[in-house]
Amino acid sequence: MALVIPVFIPHEGCPYRCLFCNQHRISGQTPPARSGAEIEATIRTWLAHTRPERRGQVEVAFYGGSFTCLPLARQDDLLAAVRPFRQQGMVHAIRLSTRPDAIDGQRLDLLVRHRVSIVELGAQSCDDEVLRRSGRGHDAAAIAAAVRLIRERDMRLGLQLMLGLPGENFPSLRRTANETIRLRPDFVRIYPALVLRGSGLERLYRRGSYRPLGLGRAVAWAAYLKKRFDCEGIGVVRMGLQASTELARALMAGPHHPAFGELVLARLMLAQTRRLLAGVPAGSRAALAIAAQDQSIFRGPKSANLHRLRQLGLLDRLILRIDPGQPRQTLRLVPENAVAGEGGGGRPATGRIASINTTISTAADHPANNRPCSASTT
């Protein structure tokens with residue numbers, strides 16, 4: 001993994017106050033203007049305290065602000081602080097995030113001169129009504145136009161999507177998924193909308209005009225998006241906001257969970273498991289091969305997946321096999337005798353058998369979808 005050196009410019013540059021936004025509370029920082037010298041010092045400190053083997057790929061990431069909303073001179077000053085490290089091969093990539101309507105040829109030419117590698121656009125939604133009601137100040141056409149300009153300059157592109165904004169329902173989520181796939185970003189981040197103190201959503205929430213998604217629905221919607229994007233070869237690099245003390249203090253309501261991404265992966269794993277076991281006759285047993293690192297998401301939170309499989313009468317049909325060659329977040333069905341080394345189909349019986357005879361605690365049911373990639377999981 002790349003070493004990411006964070007440079008925080010919280011809310012610096014953005015002239016808008018979207019309903020969901022409270023950058024200061026999320027970052028826990030007052031937004032002082034950081035000088036180029038301070039940024040250089042930050043980079044040197046990180047490099048000095050990092051083991052040499054972790055310096056193979058070093059990325060400087062500007063977090064928190066809408067970078068290209070800054071005056072061009074300010075952008076130039078910030079990026080110039082990274083230039084010596086790029087020239088010496090000590091930093092290999094620069095990443096920043098910004099608004100779609102703060103992208104144009106002049107701004108991008110500046111980024112190209114400073115060898116910026118990755119631009120993440122805070123798209124949030126590709127539905128015009130959702131964007132309007134969230135106070136974004138731009139429409140979906142602005143997202144498409146920004147994507148086109150970034151692609152013309154051969155930069156890597158990320159899109160940030162937010163679930164459960166005012167006016168969003170499943171049809172509008174589907175439109176966002178379809179448009180994101182059409183735009184072909186290199187990767188996507190998925191965040192549920194949260195009600196933070198001091199934000200516009202707080203005012204609506206207190207008046208009863210806005211109701212955030214429940215955790216179950218947020219997980220279901222994120223699972224739908226991840227499944228669609230996985231099928232299209234679009235990487236989902238994060239799901240859910242990173243837990244922090246500052247976020248905990250600011251959070252009023254909404255589907256925050258410190259392991260939100262794992263909840264989504266567990267839901268998708270349950271769907272795969274049900275799909276594979278559906279063809280195993282009652283009274284028969286088969287083995288499911290998983291990667292060792294996926295044992296937690298196979299079981300689900302508090303073993304909820306195992307509980308659901310037992311409810312469906314499927315748990316007794318399987319034994320779980322740990323296969324070091326199995327790709328992450330995937331399952332493979334092999335005959336039981338292949339695991340025991342008695343021939344049969346599938347790969348040779350490498351790996352070990354993991355017991356699933358664990359105590360299954362009662363947990364909420366997470367219904368999963370057994371249909372192809374393009375189908376809904378809700």
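For the structure itself, consult the block above.
**Q** Any chance you could explain the pattern of salt bridges here in plain terms?
**A** If charged atoms from side chains of opposite charge come close, those side chains can pair. Counted under the stated rule, the structure contains 19 salt bridges. Linking R175 and D127 is a salt bridge whose minimum nitrogen-to-oxygen distance equals 2.9 Å. Of this pair, R175 sits in helix α8 (residues 170-183) while D127 sits in the loop between β4 (118-124) and α6 (128-133), placing them 48 residues apart in sequence. Residue classification places R175 among the partly exposed residues on the basis of a relative accessible area of 46%.

**Q** Mind showing me how you'd approach the side chain of R95 here?
**A** By secondary structure assignment, the location of R95 is in strand β3 (residues 93-98). Take R95: its relative accessible area is 8%, and that puts it in the buried class. Here the side chain of R95 touches E59 through a polar contact of 2.5 Å, side chain to side chain. Within the local environment of R95, its side chain forms a polar contact with the side chain of E120, the two groups lying 3.1 Å apart. Residues contacting R95, with those up to four places away along its chain left out, are V4, E59, V60, A61, F62, Y63, I118, E120 and R189.

**Q** Got a minute to help me understand unusual backbone geometry in this structure?
**A** For D154, which is not a glycine, the phi torsion comes out positive at approximately 60°. Backbone geometry at Q329 places phi at a positive 60°, although glycine is not the residue there. Tracing the backbone shows Q329 in the loop between β11 (318-322) and β12 (332-335).

**Q** Hey, could you run me through the sheet that holds strand β1 (residues 3-8) in this one?
**A** Two modes of strand pairing occur in sheets, parallel and antiparallel, and in both the strands are linked by backbone hydrogen bonds. Spatial ordering of the open sheet is given by β1-β2-β3-β4-β5-β6-β8, a layout of 7 strands whose pairing is parallel. Both outer strands of the open sheet, β1 and β8 (235-239), are each paired with one neighbouring strand and no more. Neighbouring strand axes in the sheet, compared pairwise and without regard to direction, differ in orientation by 20° on average. One ladder, built from 6 bridges, connects strand β5 (residues 156-163) with strand β6 (residues 187-192); its direction is parallel. Bridge pairing links G158 to F187 in β6. Each of β1 and β2 (58-63) touches helix α2 (residues 36-48); the most contacted strand, β1, lies at about 150° to it.

**Q** Teacher, can you tell me more about the packing of helix α10 (residues 215-231) against helix α12 (residues 260-277) here?
**A** Helices that pack against each other are described as a pair by the angle of their axes relative to one another and the distance between those axes. Between α10 and α12, the shortest axis-to-axis distance is 9 Å and the interhelical angle comes to 65°. One element, α10, and the other, α12, form an angle in the roughly perpendicular class. In terms of crossing hand, the pair formed by α10 and α12 is right-handed. Here L215, A218, V219, A220, A222, A223, K226 and K227 of α10 come into contact with α12, specifically with F260, L263, V264, L265, R267, L268 and R275.

**Q** Could you clarify how one ought to interpret the environment of F62 in this entry?
**A** Mapped onto the elements of the fold, F62 is located in strand β2. Relative accessible area serves as the criterion here: at 3%, F62 is assigned to the buried category. Considered as a pair, F62 and L79 are 17 residues apart in the sequence and their alpha carbons are 9.6 Å apart. Beyond its immediate sequence surroundings of up to four residues, F62 is in contact with V7, I39, F67, L78, L79, V82, I94, R95, L96 and S97.

The rules behind the values
- Residues numbered from 1 in each chain as written.
- Predicted model: local features only at pLDDT ≥ 70, side-chain atom pairs only at ≥ 80, totals over all residues.
- Heavy atoms only, no water.
- Salt bridge = Lys/Arg side-chain N within 4 Å of Asp/Glu carboxyl O.
- Helix = DSSP H or I, 4+ residues; strand = E, 2+ residues; numbered from the N terminus.
- Buried < 20%, exposed > 50% of the residue type's maximum accessible area, 1.4 Å probe, protein only.
- Polar contact = N/O pair within 3.5 Å; in protein donor to acceptor, adjacent residues only side chain to side chain.
- Contact = heavy atoms within 4.5 Å.
- Pairing = 2+ DSSP bridges.
- Axes fitted to C-alpha atoms, helices over the stretch in contact; angles between N-to-C directions.
- Parallel < 35°, antiparallel > 145°, perpendicular 65-115°, else oblique.
- Left-handed = near helix turned anticlockwise from the far one by under 90°.

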